[in-house]
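Fold and geometry: a report
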Amino acid sequence: MIVKWVFDAVAAVLTGLLSLIPAWAMPAQATANTAQTFGSMFAWANGYAPIFHILAAVGVVLGFQVLVSGWTVLVWVYDRIPFKAT
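Cut-offs and rules
Residues numbered from 1 in each chain as written. Predicted model: local features only at pLDDT ≥ 70, side-chain atom pairs only at ≥ 80, totals over all residues. Heavy atoms only, no water. Helix = DSSP H or I, 4+ residues; strand = E, 2+ residues; numbered from the N terminus. Expected span 1.5 Å × (residues − 1). Buried < 20%, exposed > 50% of the residue type's maximum accessible area, 1.4 Å probe, protein only. pLDDT = per-residue confidence, 0-100. Phe/Tyr/Trp six-rings, centres within 6.5 Å; stacked < 30°, edge-to-face > 60°. Axes fitted to C-alpha atoms, helices over the stretch in contact; angles between N-to-C directions. Parallel < 35°, antiparallel > 145°, perpendicular 65-115°, else oblique. Contact = heavy atoms within 4.5 Å.

1. So, helix 1 (residues 2–18)
Between its first and last C-alpha atoms helix 1 spans 24 Å; for 17 residues at 1.5 Å apiece the expected length is 24 Å, and the two agree. Among the 17 residues in helix 1, zero count as buried, and that is only a small part of the element.

Encoded structure:
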């Protein structure tokens, strides 16, 4: 019961603070202009180097790094479990 009151109080404070942030949305035209600008920049750079292949390779490498880091964290957490049967 006391824990619920504490969580309710924390939630009320956070809700009050977050309600102070004004609502804002990016205009649709700005989004379209930004996408068009990046598209033309990639097209220009693609004339010198295969940008999309480079981005795909970077994505694969970063994904592998995330996978290895996740595995390292899992092993670290498993090593912290006391009285395991190993």
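2. Some details on the confidence of the model for the protein chain
With 99% of its residues at a pLDDT of at least 70, the protein chain reaches an overall mean of 90. The spread of mean pLDDT over the elements of the protein chain runs between helix 2 (residues 28–46), the lowest at 86, and helix 3 (residues 51–79), the highest at 95.

3. Quick look at the packing of aromatic side chains
In total, this model carries two aromatic pairs according to the counting rule given. A ring pair is formed by Trp44 and Tyr48, whose centres lie 5.1 Å apart and whose planes are at 65°; its orientation type is edge-to-face. Like Tyr48, Trp44 is exposed.

4. Overview of the packing of helix 2 against helix 3
Any two packed helices are characterised by how steeply their axes cross, that is the angle between the axes, and by the distance between the axes. Running from N to C, helix 2 and helix 3 point in directions that differ by 100°, and their axes come no closer than 8 Å. One finds that helix 2 runs roughly perpendicular with respect to helix 3. Contact residues: Phe42, Ala45 and Asn46 in helix 2; Ile51, Phe52 and Leu55 in helix 3.

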